[in-house]
Amino acid sequence: MTAAAEPSTAPSRLAQLVGTSRPLSWVNTAYPFGAAYLLAGGGVDLRLVLGVLWFLVPYNLLMYGVNDVFDYESDVRNPRKGGVEGIVLDRRVHRLTLWAAGVLNVPFVVALVVLGDSASTAVLAVSVFAVVAYSAPWLRFKERPFLDSLTSSTHFVSPACFGLALAGGSPTREALAALAGFFLWGVASHAFGAVQDIRADREADIASVGTWLGAAGTVRLALASYVAAGLLLATTGWPAALSALLVLPYAVNVAAYLSVRDDDCERAHGGWRRFLWLNYVTGFLLTQLLIWLTW
């Protein structure tokens, strides 16, 4: 193999590190933090900048990089891996990935602890623990049915909770309803994502909410969670309650797979790909709503 094609060369290592952090998903964690921080009364200051930068890249490298290292054996057998939905991380960069995740995250975490208080630090601790516990050996929450969906949702809701705590915002009834709705939204999304991998996970002896409930049962759980999320968001008052409408495309998307069977679970992959792009449309519309709320 020539030097240009060697996977372990410096450019290739960098590409692997960037790829394992899932660039398509960076905004899904940075956005909730930034939006919650500003809505809770925070300003454009050092805490906002550090928080957004951390949740944008290092946090995602920790979350997905650790997952790709310890899921390598199943990833090489998963036909979905190799694109925007996750790379197959070369064995030769596993150690580098773990080191990079630690080195890049520690300074941000320390700085945010120093700049925060006991409440924000407690939320930060939960967030970091959930990220590591999902994939790390011995804990492996991702292989514990239902806990997998709850932990995955925590990955995306905890940045918003941290933004609220770091800004010193008070948890009003409307804020709690919004966070609870967002959490159920995350549970639904993870559960639906597990459907397409049911056969592969069973063959690899990996447990998940999907392998536990089966394809149709998991789709029903996802649909019910989306509906419950919408109902909670509808209680947040005008005009925030308009966010409940943003759940509808997700509910329609998963409803199309209510009849999916375990032996053709891969059919749900089409719905998952639509889900990935729905996130960007939803993010744009949510941004317009947030602008309206802050005027």
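Everything below is about the structure shown above.
What counts as what
- Residues numbered from 1 in each chain as written.
- Predicted model: local features only at pLDDT ≥ 70, side-chain atom pairs only at ≥ 80, totals over all residues.
- Heavy atoms only, no water.
- Helix = DSSP H or I, 4+ residues; strand = E, 2+ residues; numbered from the N terminus.
- Rg over C-alpha atoms; globule rule 2.2 N^0.38 Å.
- Buried < 20%, exposed > 50% of the residue type's maximum accessible area, 1.4 Å probe, protein only.
- Contact = heavy atoms within 4.5 Å.
- Phe/Tyr/Trp six-rings, centres within 6.5 Å; stacked < 30°, edge-to-face > 60°.
- Axes fitted to C-alpha atoms, helices over the stretch in contact; angles between N-to-C directions.
- Parallel < 35°, antiparallel > 145°, perpendicular 65-115°, else oblique.
- Left-handed = near helix turned anticlockwise from the far one by under 90°.
- Expected span 1.5 Å × (residues − 1).
- Bend = angle between axes of the 7 residues up to and from the residue.
- Patch = residues over 30% accessible without salt bridge, like charges linked within 9 Å, V, L, I, M, F, W, Y side chains within 5 Å.
- Areas by Shrake-Rupley, 256 points an atom, 1.4 Å probe, with all protein chains shown as cover.
- Salt bridge = Lys/Arg side-chain N within 4 Å of Asp/Glu carboxyl O.

Colleague: Looking at this structure, I do not really get the overall build of the protein. What am I missing?
Modeller: On a plain count of helices and strands, the protein comes out with 13 helices and 0 strands. Along the chain direction, N to C, the helices and strands of the protein fall in the order α-α-α-α-α-α-α-α-α-α-α-α-α. Over its C-alpha atoms the protein spans a radius of gyration of 19 Å, differing by no more than 12% from the 19 Å that the globule rule assigns to 295 residues. Based on the C-alpha atoms only, the size of the protein along its principal axes is roughly 60 × 45 × 35 Å. When burial is assessed residue by residue, the protein has 48% of its 295 residues classed as buried. Considering only intrachain contacts with a sequence separation of at least 6, the fraction spanning at least 24 residues in the protein is 74%.

Colleague: Whenever I open this one, the packing of aromatic side chains confuses me. Can you help?
Modeller: By convention here, two paired aromatic rings are described through the distance between centres and the angle between planes. Evaluation of the coordinates by the stated rule reveals 15 aromatic pairs. Ring geometry for Trp 185 and Tyr 250: centres 5.1 Å apart, planes at 75 degrees, overall edge-to-face. Of this pair, Trp 185 sits in helix H9 (residues 173-195) while Tyr 250 sits in helix H12 (residues 248-255), and the two are 65 residues apart along the sequence. Judged on exposure class, the residue Trp 185 and its partner Tyr 250 are both buried. Grouping aromatic residues by their ring pairs yields a cluster made of Phe 33, Tyr 37, Trp 54, Phe 55, Tyr 59 and Phe 162.

Colleague: Even after reading the chapter, I still don't get the packing of helix H11 (residues 209-233) against H12, so can you show me in this structure?
Modeller: Packing of H11 against H12 leaves a shortest axis separation of 9 Å and a crossing angle of 165 degrees. Taken as axis vectors, H11 and H12 run roughly antiparallel relative to one another. As H11 runs across H12, the sense of the crossing is left-handed. On the side of H11, the interface is formed by Val 219, Leu 223 and Tyr 226, while H12 contributes Tyr 250, Ala 251, Val 254 and Ala 255.

Colleague: Help me out: how do you make sense of helix H8 (residues 147-166) in this one?
Modeller: Since the α-helix packs 3.6 residues into each turn, any two residues three or four apart lie on the same face. Under the 1.5 Å per step criterion, the end-to-end length of H8 is 27 Å for 20 residues, consistent within 8% with the ideal 28 Å. Where H8 bends most, the angle comes to about 40 degrees, and this point is Phe 156, followed within four residues by the proline Pro 159. Counting buried positions along H8 yields 17 of 20 residues, so the element is predominantly enclosed. Backbone geometry just after H8 places Gly 168 at a positive phi near 75 degrees.

Colleague: Would you take a moment to explain a nonpolar patch on the surface for this structure?
Modeller: The grouping of Val 27, Trp 277 and Tyr 280 at the surface amounts to a nonpolar patch, some 290 Å² of accessible area in total. Within the secondary structure, Trp 277 is located in helix H13 (residues 269-294).

Colleague: Would you explain unusual backbone geometry in this entry?
Modeller: Only a minority of non-glycine residues have a phi that is not negative, and only a minority of peptide bonds are not trans. Backbone torsion omega between Trp 238 and Pro 239 reads 0 degrees, so that peptide bond is classified as cis. The backbone phi angle of Trp 138 is positive, close to 75 degrees, even though this residue is not glycine. Mapped onto the elements of the fold, Trp 138 is located in the loop between helix H7 (118-135) and H8.

Functional significance is not addressed by these values, which are geometric in nature.
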